[in-house]
Amino acid sequence: MDDVRRGRLRVYLGAAPGVGKTYAMLDEARRRVERGTDVVVALVETHGRAGTAALLDGLEVVPRRTVEHRGTTLTDLDVDAVLARHPEIALVDELAHTNAPGGRHAKRWEDVEDLLAAGIDVVTTVNVQHLESLNDVARAITGVRQQETVPDAVVRRADQIELVDMSPEALRRRLAHGNVYAAETVDAALTQYFRVGNLTALRELALLWTADRVDDALEAYRTAHGISDPWPARERVVVAVTGGPETETLLRRGARIAAQSAGGQLLAVHVLRGDGLRGAPPDALARQRLLVEQLGGTWHTVVADDVAGAVLEVARGVNASRIVLGVTRRSRLAQALSPGVGTEVIRDAGDIDVLVVTHPHAGGRRFRRPPRRGTLTARRRLLGWGLALAGPPALALVLDAATTWDTLSIALMLFLALTVGVALVAGLVPALVAAALGGALSNVLFAPPVGTWSITEPRNALAIVVLVAVAIGVSAVVDLAARRTAEAARARAEADTLAATAAASLGGEDPAGAALEALREALRLRHVVAQRRAAPAAPWVDVATAHAPAAGAATPGATPGAAPDAAPGAALGAVLDDAPDDGPTEVPVTDALRLVLTGRTPPPHEVRLARAVGLQVEAVLERDALRVEAGTARAERERGAMRTALLAAVSHDLRTPLAAIKASVSALRSLGDAIPADERTALLGDAEHNADRLQHLVDDLLDMSRLDAGVVVPRRAPVALDEVVPAALAGVPEGAVDVDVPEDLPLVTVDAALLERALANVVENAVRYGGPPVRVSAGQVDDVVVVRVVDHGPGVPDDRKAAMFTAFQRLDDAPRGHGLGLGLAVARGFVEADGGTLDAEDTPGGGLTMVLTIPLDGGGA
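Residues numbered from 1 in each chain as written. Predicted model: local features only at pLDDT ≥ 70, side-chain atom pairs only at ≥ 80, totals over all residues. Heavy atoms only, no water.

K.L.:
Just checking my understanding: could you explain the overall build of the protein chain for this structure?
P.N.:
In terms of regular secondary structure, the protein chain is built from 27 helices and 24 strands. Intrachain contacts of the protein chain at a sequence separation of at least 6 include 68% that bridge at least 24 residues. In the structure as shown, the protein chain presents an accessible area of about 44,700 Å², 57% of it carried by carbon and sulfur atoms. (Helix = DSSP H or I, 4+ residues; strand = E, 2+ residues; numbered from the N terminus. Contact = heavy atoms within 4.5 Å. Areas by Shrake-Rupley, 256 points an atom, 1.4 Å probe, with all protein chains shown as cover.)

Structure representation (structure tokens):
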């Protein structure tokens, strides 16, 4: 049996409902039918739109399957019928839809997979907010979480994706004209989901997602056809970052180039050499990484010994169009000895344009002195110079006394050993002096003719020259190894310090202060203060501090009862108190943050470390600020959702009693005495009843607003529960509730008014939805009184119990016009304000039991 060709999937992607996805799908179907293609409509939702429904005329529609669910007849895609019909193309609307119970799969996209596997081409539609990866983003934009999603991989595997685009203004016009939703819902839609800002953001999401998909398709095509040369379909600029002072100039130039074309990208590449020792200062790289993020680019770190090759490999891998390099800072001598990274990149770039940017630091110095070993003490340097100046003459005197040896060969070897020793002790420069003195003394004292600068035998001259050359080479290598060892030790210490500050900044009540304290201890400083300013001309304000403990003062972690000077940190505090104070050292971190170090003056490498820690502190402060902003935004979003729900509730639920009251009053006013007495009494009673309902709804709204604003302050006093319960049942029909509240229960310390209102709401809810008879019982359990409101109605599923206590929530079968869904939310809010709890349990035998737990002591002050 031959393998069945897999069907092809075509997706119409839109930013929001109403942009025309279904219309475009049906329009394509009609064109294909005209060309003789076998097309069927497997499932299309017209949503009552006349223009969309008109396009169905003349198209074959596969009958849907019907399902009875909770007394409602549902229709859905009949996959088996479509498979039996086996057309060339099937139209399946709303890919992310959840299927009705009883189907093959839970999701419609799974049904589509079955059709594709059978060799049927499928044309479908989906909105960008239904993509799984963008669901949270769409919720943050619109405030609405989409319950129906489709995995991104399903849409990405589509053979064709077409974006159905429409400007926000045009979509809102369509909505206002009634071309999307029914007229009665247009105003709410325009002020809620379909705001211009929401639509603009969703449109951007759709465009960006589609652009990434197009980019993936381009890369797949290049890979399939073995195309390695860059195709600059999009401006991608790679900036080679050295960490030097010219980097910021290069990054800004690269950002300007990328911004010149739509969809341009900036990529910063820093190549870290394999030895890990010849890198740029960490604080400089951190600042440059921050600048890249501010410019909208991405940062990439590559470990390689071949810097030019690594930059080119990254550029080709991302299909870059340009590489930005800076003019070399190397001296002319260094450039003469090796071509340099820039020359190698230009030589091997191929079709990638290379832009070499000049900067103020180009060229560098003509000669670069080797770095001094900062770890050498003054005593060690003095000892090294003493060996370099006095060692060769002393060694010459010893060798001159031993006239029986082969003096020249022995002298050369011993002078070489002395030079290496000087390099180990004091570095390269003293070793060069020792090598020169050793060569000169060997020539004068041990090379025939002795006592003169002349040398008669060429081999002796060669031996002395080799001595000096080898001494210089070995000294350079020894000095380099010593400096690399010192750099490695310093890098290890800096890494340990950064790790300690990072760990300190991850937790605790004051993470920024903890990071500064770790820095202060590592650098042995008196004080470290982080200061910020709001603007370049604004004053500096302290935002975090770290202070050395005073001598003899106990510090956190000290053993109780121990002597003051035994407390951890006290010894260091005493040492710092006795140490000289060189005054404050200001370490700029960013334009808005600096560190002020008080105590000894730190060397340059410690200043770099302090700046790196300062960047950590800046990140911590920004994180805290973002957390505060997120909390504020979350609260504002919740308040907005509350206001939206409130408007919806007012527009729907308050309309019914108002309409009834108005109808009764209008009838009484217009007809007056013409109405029979019994009918007039009925109209007045109906108006009074609806006015009571309206008053109840308004009371719930006011109570919910008080709870939401946090202004409910209970006035607690000892109360007898058998007095509160009857008052709470005043509005319940007589005989609907059985009460079992013993008179000998202890008093509870609560706000009687709040408890009465909470009980009234709970009992009213039980009577309305559970049906009479409802039983109210109370009893003492340990130090609490438990009140149970038991009904034997349909009950509530476990997964819906938590939602019952959410504002504006009702059961699925609750009719509209019978409340705002605030009763239980208000009840729980009042009970919790009184220090109690309100929960829901299943009633044995069926039904729902509401459990109020009331502490005897009121639950607190």
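K.L.:
Would you take a moment to explain the pattern of salt bridges for this structure?
P.N.:
Side chains that carry opposite charge are capable of pairing whenever their charged atoms lie near each other. The full count for this structure, using the stated rule, is 26 salt bridges. As a salt-bridge pair, Glu45 and Arg64 come within 3.3 Å of each other at their nearest N and O atoms. Of this pair, Glu45 sits in the loop between strand E2 (39-43) and helix H2 (50-54) while Arg64 sits in the loop between strand E3 (60-61) and strand E4 (65-69), and the two are 19 residues apart along the sequence. Across the pair Asp624 and Arg627 runs a salt bridge, and its minimum N-O distance is 2.9 Å. Here the residue Asp624 and the residue Arg627 both occupy positions in helix H21 (residues 604-653), the gap between them amounting to three residues, near one helical turn. (Salt bridge = Lys/Arg side-chain N within 4 Å of Asp/Glu carboxyl O.)

K.L.:
Is there a simple way to explain the packing of helix H12 (residues 307-317) against helix H14 (residues 341-348) in this structure?
P.N.:
If you want to describe how two helices pack, look at the angle between their axes and the distance between the axes. Running from amino to carboxyl end, H12 crosses H14 at an angle of 40 degrees, the nearest separation of the two axes being 8 Å. One finds that H12 runs oblique with respect to H14. Seen from above, H12 lies across H14 with right-handed handedness. Here H12 contributes Val307, Ala308, Leu312 and Arg316 to the contact with H14, which in turn contributes Val341, Glu344, Val345 and Asp348. By residue class, the composition of the contact of H12 with H14 is five nonpolar, no polar and three charged. (Axes fitted to C-alpha atoms, helices over the stretch in contact; angles between N-to-C directions. Parallel < 35°, antiparallel > 145°, perpendicular 65-115°, else oblique. Left-handed = near helix turned anticlockwise from the far one by under 90°. Nonpolar A, V, L, I, M, F, W, Y, C, P; charged D, E, K, R; others polar.)

K.L.:
Just checking my understanding: could you explain the nonpolar core for this structure?
P.N.:
Among the nonpolar cores identified, the biggest contains 57 residues, and Val82, Leu91, Leu95, Val150 and Phe194 are the most heavily contacted of them. For Val82, the contacting residues outside a window of four places in its chain are Ala42, Val62, Leu77, Pro87, Ala90, Leu115 and Ile120. Counting 42 residues, the second largest nonpolar core, distinct from the first, contains Ala766, Ala840, Leu852 and Ile854. (Core = buried A, V, L, I, M, F, W, Y, C linked by side-chain atoms within 4.5 Å. Buried < 20%, exposed > 50% of the residue type's maximum accessible area, 1.4 Å probe, protein only.)

K.L.:
For this particular structure, what's the right way to read the sheet that holds strand E23 (residues 837-842)?
P.N.:
The pairing of strands in a sheet happens through backbone hydrogen bonds and is either parallel or antiparallel. Spatial ordering of the open sheet is given by E19-E21-E22-E24-E23, a layout of five strands whose pairing is mixed. The two strands at the open ends of the sheet, each matched to only one other strand, are strand E19 (737-740) and E23. The sheet shows a mean angle of 20 degrees between the axes of neighbouring strands, direction not considered. (Pairing = 2+ DSSP bridges.)

K.L.:
Help me understand the sheet that holds strand E13 (residues 353-357) in this model?
P.N.:
Judged by pairing direction, the sheet is parallel, and its five strands sit side by side in the order E11-E10-E9-E12-E13 without closing on themselves. The open sheet terminates on both sides in strands that have one partner only, identified here as strand E11 (298-303) and E13. Each adjacent strand pair in this sheet contributes to an overall mean axis angle of 25 degrees, direction not counted. Here strand E9 (residues 236-241) runs beside strand E10 (residues 265-272); their pairing, made up of six bridges, is parallel.

K.L.:
Explain the pairing of strand E22 (residues 784-790) to me, please; I cannot follow it from the model alone.
P.N.:
Across a regular strand the side chains alternate sides, sitting on one face of the sheet and then on the other. Along E22, six of the seven residues are buried, which leaves the element largely enclosed by surrounding structure. Counting the residues in the hairpin turn of strand E21 (residues 774-781) and E22 gives two residues, including Asp782, whose phi is positive at 55 degrees. Both E22 and strand E24 (residues 848-855) contribute to a ladder of seven bridges, which runs antiparallel. Along E24, the bridge assignment pairs Arg788 with Val851.

K.L.:
Whenever I open this one, the packing of helix H24 (residues 721-728) against helix H25 (residues 752-770) confuses me. Can you help?
P.N.:
Where H24 meets H25, the closest approach of the two axes is 8 Å, and the angle between their N-to-C directions is 50 degrees. Here H24 is positioned oblique relative to H25, judged by the angle of their axes. Judged by the sense of rotation from one axis to the other, the crossing of H24 with H25 is right-handed. Residues Leu721, Val724, Val725, Ala727 and Ala728 of H24 pack against Ala752, Leu755, Glu756, Leu759 and Ala760 of H25.

K.L.:
What's the story with the side chain of Asn198 in this structure? I'm lost.
P.N.:
Checked against the element boundaries, Asn198 lands in helix H9 (residues 196-224). The residues touching Asn198, leaving out its near neighbours within four places in the chain, are Ile141, Thr142, Gln192 and Tyr193.

K.L.:
Can you help me understand a nonpolar patch on the surface in this one?
P.N.:
Where nonpolar side chains cluster on the molecular surface, the patch consists of Trp385, Leu389 and Val429 and spans about 280 Å² of accessible area. Within the secondary structure layout, Trp385 lies in helix H15 (residues 378-401). By relative accessible area, which is 34% here, Trp385 ends up partly exposed. (Patch = residues over 30% accessible without salt bridge, like charges linked within 9 Å, V, L, I, M, F, W, Y side chains within 5 Å.)

K.L.:
It is not clear to me how helix H19 (residues 511-523) should be interpreted in this structure. Could you clarify?
P.N.:
In an α-helix, one full turn covers 3.6 residues, which means residues spaced three or four apart are oriented alike. With 13 residues, H19 should reach 18 Å at 1.5 Å per residue; the first-to-last C-alpha distance of 19 Å fits that figure. Within the sequence span of H19, burial applies to Pro511, Ala512, Gly513, Ala515, Leu516, Ala518, Leu519, Arg520 and Leu523. With its phi angle positive at about 60 degrees, Arg524 sits one or two positions after the end of H19. (Expected span 1.5 Å × (residues − 1).)

K.L.:
How should unusual backbone geometry be read in this particular structure?
P.N.:
Trans peptide bonds make up the majority, and among non-glycine residues the majority have a negative phi. Despite not being glycine, His86 shows a phi value in the positive range, around 45 degrees. With respect to the helices, strands and loops of the structure, His86 is situated in the loop between helix H3 (79-85) and strand E6 (89-92). One non-glycine residue with positive phi stands out, namely Glu94, at about 55 degrees. Inspection of the secondary structure assignment puts Glu94 in the loop between E6 and helix H4 (108-117).

K.L.:
What is the right way to look at the environment of Ala544 in this model?
P.N.:
One can find Ala544 in strand E15 (residues 541-547). The spacing of Ala544 and Pro511 is 33 residues in sequence and 9.2 Å in space, taken between C-alpha atoms. Here Ala544 is in contact with Ala512, Gly513, Leu516, Val528, Val529 and Ala530, once residues within four sequence places are set aside.

K.L.:
Is there a simple way to explain the environment of Pro742 in this structure?
P.N.:
Relative to the helices and strands, Pro742 is located in the loop between E19 and strand E20 (748-750). Taking the C-alpha atoms as reference points, Pro742 and Ser777, 35 residues apart in sequence, are found 8.5 Å from one another. Discounting residues that sit within four places of it in the chain, Pro742 has contacts with Asp722 and Ala778.

K.L.:
Please clarify how the pairing of strand E7 (residues 121-127) should be interpreted in this entry.
P.N.:
E7 sits mainly inside the fold: seven of its seven residues count as buried. Bridge count between strand E1 (residues 9-14) and E7: six bridges; the pairing is parallel. When the bridges of E7 are listed, Tyr12 appears paired with Thr125. Alignment of E6 against E7, held across four bridges, turns out to be parallel. Note on E7: the bridge partner recorded for Ala90 is Val122.

K.L.:
What's the story with the confidence of the model for the protein chain in this structure? I'm lost.
P.N.:
As a general rule, the predicted coordinates of low-pLDDT regions are not to be interpreted in detail. Overall, the prediction assigns the protein chain a mean pLDDT of 77, with 78% of residues at 70 or greater. Mean pLDDT in the protein chain bottoms out at helix H20 (residues 570-578), which sits at 46, and peaks at E6, which reaches 94. Note that pLDDT drops below 50 for residues 365-374; the model gives that stretch 16 contacts with residues more than four away or on any other chain. Below a pLDDT of 50 lies the segment residues 812-820, which in the model reaches 23 contacts outside its immediate sequence neighbourhood of four places, other chains included. (pLDDT = per-residue confidence, 0-100.)

K.L.:
I would appreciate a short explanation of the environment of Val786 in the present structure.
P.N.:
The residue Val786 is located in strand E22 in this model. Between the C-alpha atom of Val786 and that of Pro855, which follows or precedes it by 69 residues, the distance is 8.7 Å. Apart from residues lying up to four places away in sequence, Val786 is in contact with Ser777, Ala778, Gly779, Val781, Val851, Leu852 and Thr853.

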